[in-house]
Amino acid sequence: MRRVYLDNNATTPLLPEVFEAMRPYFFEKFGNPSSSHERGQQARIALEHAREEVAQLVGARPSEIVFTSGGTEGDNLAIFGVVASGDHIITSAIEHHAVLNACKRLETLGAQVTYLPVDSQGRVDPDNIRAALRPNTRLVSVMMANNETGVVQPVEEIGRIAAEADVWFHTDAVQAAGKIPVNVDRIGCDLLAISGHKLNAPQGTGALYVRAGTLLRAMFQGGPQERGRRAGTENLPGIVGLGTGAALAREWLALGKGEELGALRDRLERGIAQHVDMTLVNGKGAPRTPNTSNIVFECIAGGSLADALDLKGIAVSTGSACSSGSAHPPYVLLAMGLAPELAHASVRFSLGKQTTPDDITYVLECVPEVVAKLRAMSPLWKNGTRERLARTQA
Ligand code: PLP
């Protein structure tokens, strides 16, 4: 059976070049970067080289990069690193749980949090940020690109507002880095988190950009690694993988591959719109990352469609990996004002560097057939909802 992986927002496959770059650091080059002997020094050189590659991917200085275990740690380090009891945070309702749950925890510790709404396209209105500012606002945390819809937030405008108000600005760029250009100066952020496994580097790797001069409290107590900002012996093979993944992602973007991937995604959306009626692309009117398409298939459960496609060898998702399988409709789509039954009926297709035109052709062969079968079994569809919805849309 043909297998097509369209769940790259959950995780991406490791590129062979990344694995080859990592391999020696498990074996002959296994040193601890803190050791003073030759093996340790070689490890240090590799670590610093990876730091340069990651810095270049986001337009930062190498000294501003802190290696982490992934996006979740980067977001937590950023948020807990600058906020204390009595402070106020402004964030959005559509952040990843890494940010939302960090904010919820801070609320129990005496911080105040404003969760801003988004519009029907999934965008935060920068004016709402300005209006939410308080004298004790310490941090604005708004993601660069959303994991469910790919919708890109107006981070540059938000960065200007935060700078004018003299408030730290953190952006979760986990779903943006490697897919669209990311530049910390253009964004004007003080803190920016990325994750290795979303850009074809290993799981359990990541980095937090910390602008020089940002007063960040470390989360772990331990050794002086990462200039005291993240204690613990570095994951050297993983970091080498992250650096290589970052370098390859930069090359990929420079070659215009992001646009090519966007064209493939658009072909998928056009094909579905042509061959399956009663569909809707969430966030279509907003700028989006080129790999993500979140589509409502009315009158069927997104989970049923994902399961049926899985039987055809096609991997898609109905929400973020951590919450798929839950009975709750994706909160991101609800926040965009989608009715719960439509949010339930949505599926996320997330393409990757390895996706081919033939993959999309195969998906376009399977989706109409699978949707027709599921709709034929759906009481909603049978009870004339199709006609009613068609009339509403006409
Ligand atoms: N932020 C966003 C937007 C994500 O999509 C994810 C993962 O899905 C994370 C943070 C968490 O990253 P990690 O899996 O590296 O901890």
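Conventions adopted
Residues numbered from 1 in each chain as written. Predicted model: local features only at pLDDT ≥ 70, side-chain atom pairs only at ≥ 80, totals over all residues. Heavy atoms only, no water. Buried < 20%, exposed > 50% of the residue type's maximum accessible area, 1.4 Å probe, protein only. Helix = DSSP H or I, 4+ residues; strand = E, 2+ residues; numbered from the N terminus. Pairing = 2+ DSSP bridges. Near = heavy atom within 4 Å. Polar contact = N/O pair within 3.5 Å; in protein donor to acceptor, adjacent residues only side chain to side chain. Nonpolar A, V, L, I, M, F, W, Y, C, P; charged D, E, K, R; others polar. Domains from an automatic or database assignment. Contact = heavy atoms within 4.5 Å. Buried area = accessible area lost by both parts, 1.4 Å probe. Salt bridge = Lys/Arg side-chain N within 4 Å of Asp/Glu carboxyl O. Right-handed = clockwise from strand over helix to strand, strands pointing away. Axes fitted to C-alpha atoms, helices over the stretch in contact; angles between N-to-C directions.

1. Here we look at unusual backbone geometry
- Here the phi dihedral of D166 falls at roughly 60 degrees; this positive angle occurs in a residue that is not glycine.
- Accessibility expressed as a relative area gives 72% for D166, which makes it exposed.
- Positive phi values are uncommon outside glycine, yet C299 reaches one of about 75 degrees.
- You can see C299 is positioned in the loop between β10 (292-297) and α10 (302-311).
- Here C299 falls in the buried class, since its relative accessible area comes to 10%.

2. Brief notes about the pairing of strand β7 (residues 191-195)
- For β7, the tally of buried residues reaches five of five residues, placing the bulk of the element in the interior.
- Neither face of β7 is open: one carries L191, A193 and S195, the other L192 and I194, and all of them are buried.
- As paired elements, strand β6 (residues 168-172) and β7 share three bridges and run parallel to each other. The residue of β7 that forms the bridge with H170 is L191.
- Relative to strand β8 (residues 206-210), β7 runs antiparallel, the two being bridged by five bridges. When the bridges of β8 are listed, A193 appears paired with L208.

3. Structural notes on the site of the ligand
- What surrounds the ligand is a group of 13 residues, the closest being T72, D172, Q175, S195 and K198.
- In this structure, G71 approaches the ligand through a main-chain N or O atom, which is 2.8 Å from an oxygen atom.
- One nitrogen or oxygen atom from the side chain of Q175 is found 2.8 Å from an oxygen atom belonging to the ligand.
- Looking at the shell around the ligand, the element that brings in the most residues is helix α3 (residues 71-82), giving three residues.
- Residues belonging to the shell around the ligand are distributed by class as follows: two nonpolar, eight polar and three charged.

4. A closer look at the domain arrangement of the protein
- Domain assignment breaks the protein into domain 1 (4-11 + 256-393) and domain 2 (16-253).
- The straight-line distance from the C-alpha centre of domain 1 to that of domain 2 is 29 Å.
- Contact with domain 1, which involves 30 residues of that partner, is made by 31 residues of domain 2.
- Between domain 1 and domain 2, a total of about 2600 Å² is buried, with carbon and sulfur atoms accounting for 56% of that surface.
- Taken as a group, Y331, M336 and K353 account for 25% of the area that domain 1 buries against domain 2, more than any other trio of residues on that side.
- Run the count over domain 1 and domain 2 and you get one salt bridge.
- A salt bridge links E148 to R348; the shortest N-O distance between them is 3.9 Å.
- At the boundary of domain 1 and domain 2, one finds 17 residue pairs in polar contact (both at pLDDT 80 or more).

5. Thoughts on the pairing of strand β4 (residues 112-116)
- With five bridges connecting them, strand β3 (residues 88-92) and β4 associate as parallel partners. Considered in β4, the bridge of H88 is made with Q112.
- Running through helix α4 (residues 97-108), the crossover from β3 to the neighbouring parallel element β4 is right-handed.

6. Section: the sheet that holds β6
- In space, the seven strands of this open sheet follow the order β2-β8-β7-β6-β5-β3-β4, with mixed pairing throughout. The strands lining the two open edges of the sheet, one partner per strand, are β2 (65-68) and β4. Across the sheet, the mean angle from the axis of one strand to that of its neighbour is 20 degrees, orientation sign disregarded.
- Bridge count for β3 against strand β5 (residues 137-141) is four bridges, and the pairing is parallel. Bridged to H88 within β5 is T137.

7. Focus on the side chain of R51
- Mapped onto the elements, R51 comes out in helix α2 (residues 38-58).
- Taking relative accessible area as the criterion, R51 reaches 7% and is therefore assigned buried.
- One polar contact links R51 to E48, side chain to side chain, over a distance of 2.7 Å.
- In terms of polar contacts, R51 uses its side chain to reach the backbone carbonyl oxygen of I65, at 2.8 Å.
- In contact with R51, not counting residues within four places along its chain, are R44, P62, I65, F67 and E226.

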